[in-house]
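Structural characterization, general
Now for the letters of each chain:
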Amino acid sequence: MRAAARRLRGTYRRMRLGTRLALGLGVLSLAVFAVVGTALTAYMRDYLEQQLGEQLKLIQTVQAKDAAAHGTVRRKPYYGWYTAVYDVSGGSVSLRRPADVPDDTRPLSELARAMAHSDTELMRTARIDGEGTYRLRGCEVEPGVVLVSAAPVQDVEETVERLVTVQVVVFALALTALVVFGRRMLRRGLKPLSDMAHTAHGITSHDLTEAAARLPLRADGRDGGREVAELRTAFNTMLEHIDDSLAVRAEAELRLRRFVADASHELRTPLMSVRGYADLFQYAAANEPAEREKHLARLRAEAARMGVLLDDLLLLARLDAAEVEAPLRTAGTDLTELVQQAADAFRAGRPAHPLTVTTRTTGPLVLCLDPQRIRQVLDNLLANAAVHTPPGTPVTVELDTAAGTALVRVADAGPGIPADHRDRVFDRFYRVDKARTRDRGGSGLGLAVARSLVRAHGGDVELTSRPGATVFTVRLPYRGLTGV
């Protein structure tokens, strides 16, 4: 028995949702039909029995007059009905003759005996041997005389049986139609879910390992109602999120490959120089004091250049992993003084570019920041303005505050940055002028380091550029402000 129950449960679980819903609807309808049919049958039986009782009462009214006048009932109302008049005295009853009674008169006699101790009419249902079930009613004709009438309930039973048969047939047809048409309606209503499942299967067959993998499939349609529409919207939103994630991953992989290639190229140049100068020391001419000092100086320069490159790469890596290791050493620092120091260093190292510093704040602007790193940001932005503009191009630095944010604007009046390069100037190893030598143009890490350092402080760097006005705006929030 348990094994059969487990098999049935397994079969039910393997059914499709529409079939399971249709079966559930059929079971629920069957229960409703059973309740309705039982109530209707019980009501009909009570009604027919009440009607039969009313007929007995009406007929006994006439029969009681007949019995009072003649001593017995001479008129038989219907075929199959019985009437008897009893003399009741004490605990005994005697049937008056002639009487139209069945062979088994015990039910009638018992009712007459019960009437001897009752002040009202009595009615009961009893079975008469050889005749069937009858509805009995007794009433008093006069003191000591009781009239008992019996009516068959066969017609009531046959009517109830026909009613039950009609109910079974009608309910069975209705249940079959309900399951069949309900299954079709449910299948149509659940079709959007099947379409979404088909879309999901199509996604599983899509190659997501491609560098530019996208998901062209979407769940379309308007049927299914509000709930299905909400599910479809959530499904499509999930696909959009997956698409965006794949695009970000593809872009990250592309940037990583480009980063590795650029880093390898940048490191290869000083390494080849170091190797070349090292090979020169195999020759005697290279060991002469003058030549040796020259080659050693070049070796130190290439090593220093490679060291700066590695320091920038290490700093970017530490900033990328800031959740694990914070590379900043913050302290209360006057940003005005820091800007002035960077400007003095720029004037000393870049005398060909006139520099103007404008401070729109009164008094020191003290923020909680890493002075060494912010100074590095300012030096990188100023160096970028000098390297990418011709000599004599004016450079300006402006310090201001707005809405709880410290603003440092580094601007130059150079030729500007082309529009198709502005979105990538902060990428690592990216250089606008590809023909510029590494000695003049740098490694392409300065702006990437600057933005990463500012973002590590909770701020950002923005760029606006047009011919004659290129502005880098550094925004530093007042988070951790110790004074103004």
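Shown above is the structure to which this text applies.
Residues numbered from 1 in each chain as written. Predicted model: local features only at pLDDT ≥ 70, side-chain atom pairs only at ≥ 80, totals over all residues. Heavy atoms only, no water.

1. Overview of the pairing of strand β4 (residues 132–142)
Counted only if it meets this: Any residue under 20% of the maximum accessible area for its type is buried, any over 50% is exposed, and the rest in between are partly exposed; the area is computed with a 1.4 Å probe on protein chains only. Strands here are runs of E lasting at least two residues and helices are runs of H or I lasting at least four, both read from the DSSP assignment and numbered beginning at the N terminus. Following DSSP output, two strands are said to pair if at least two bridges run between them.
For β4, the buried fraction is high: eight of the eleven residues fall into the buried class. Inspection of the sheet shows strand β3 (residues 122–128) paired to β4 by seven bridges, in the antiparallel sense. Counted as the bridge partner of I128 is G132 from β4. Between β4 and strand β5 (residues 145–152), which pair antiparallel and follow one another directly, the connecting turn spans two residues, one of which, G144, has a positive phi of 85°.

2. Looking at the packing of aromatic side chains
The criterion, for reference: Aromatic rings from Phe, Tyr and Trp, taking only the six-membered ring of Trp, are treated as a pair when their centres fall within 6.5 Å; an angle between ring planes under 30 degrees marks them as stacked, one over 60 as edge-to-face, and anything in between as tilted.
Scanning the model with the defined rule gives four aromatic pairs in all. Residues F33 and F171 carry aromatic rings whose centres are separated by 4.7 Å and whose planes lie at 10° to one another, so their mutual orientation is stacked. Here F33 is found in helix α2 (residues 17–70), whereas its partner F171 is found in helix α4 (residues 154–189), with 138 residues between them in sequence. For the ring pair Y43 and Y47, a centre distance of 6.5 Å and an interplane angle of 20° mean the geometry is stacked.

3. Some remarks on helix α11 (residues 446–456)
L447, A448, V449, A450, S452, L453 and V454 are the residues of α11 that are buried. Two residues or fewer past α11, G458 is found with a positive phi of approximately 90°.

4. Some points on the nonpolar core
Quick reminder of the rule: Take the buried Ala, Val, Leu, Ile, Met, Phe, Trp, Tyr and Cys residues and link them wherever side-chain atoms come within 4.5 Å; each set so joined is a nonpolar core. Every residue pair with non-hydrogen atoms within 4.5 Å of one another is taken to be in contact.
By size, the foremost hydrophobic cluster in this structure holds 38 residues, and its most contacted members are L335, L382, V408, F472, V474 and L476. Elements with a contribution of two residues or more to this core: α8 (335–349), β8 (366–369), α9 (371–387), β9 (395–402), β10 (405–412), α11, β11 (460–466) and β12 (469–477). Counting residues per element, this core draws most heavily on α9, at seven residues. In contact with L335, not counting residues within four places along its chain, are L365, L367, L369, I374, L399, A406, V408 and L476. Listed in part, the 16 residues of the second largest apolar core include Y86, L111, A112 and L136.

5. With respect to the sheet that holds strand β1 (residues 82–89)
Hydrogen bonds along the backbone pair up the strands of a sheet, which may run parallel or antiparallel. The criterion, for reference: In this analysis an axis means a line fitted to C-alpha atoms, helices contributing only their contacting stretch, and an angle means the value between N-to-C directions, from 0 to 180 degrees.
Strand order across the open sheet formed by five strands is β2-β1-β5-β4-β3, with antiparallel pairing between neighbours. Each having just a single partner strand, β2 (92–95) and β3 make up the two edges of the open sheet. Strand-to-strand twist across the sheet, computed as the mean angle between neighbouring axes with direction ignored, equals 35°.

6. Describing the side chain of T393
For clarity, the cut-off: Distance and chemistry together define a polar contact, namely a pair of N or O atoms within 3.5 Å, with one atom able to donate a hydrogen and the other to accept it when in protein, and with adjacent residues in sequence counting only for side-chain atoms on both sides.
Residue position: T393 is located in the loop between α9 and β9. Taking the relative accessible area as the measure of exposure, T393 reaches 7% and is therefore buried. Of the polar contacts made by the side chain of T393, one reaches the backbone oxygen of P390; its length is 2.7 Å. Ignoring any residue separated from it by four or fewer positions in sequence, one finds T393 in contact with A352, H353, P354, A413 and G414.

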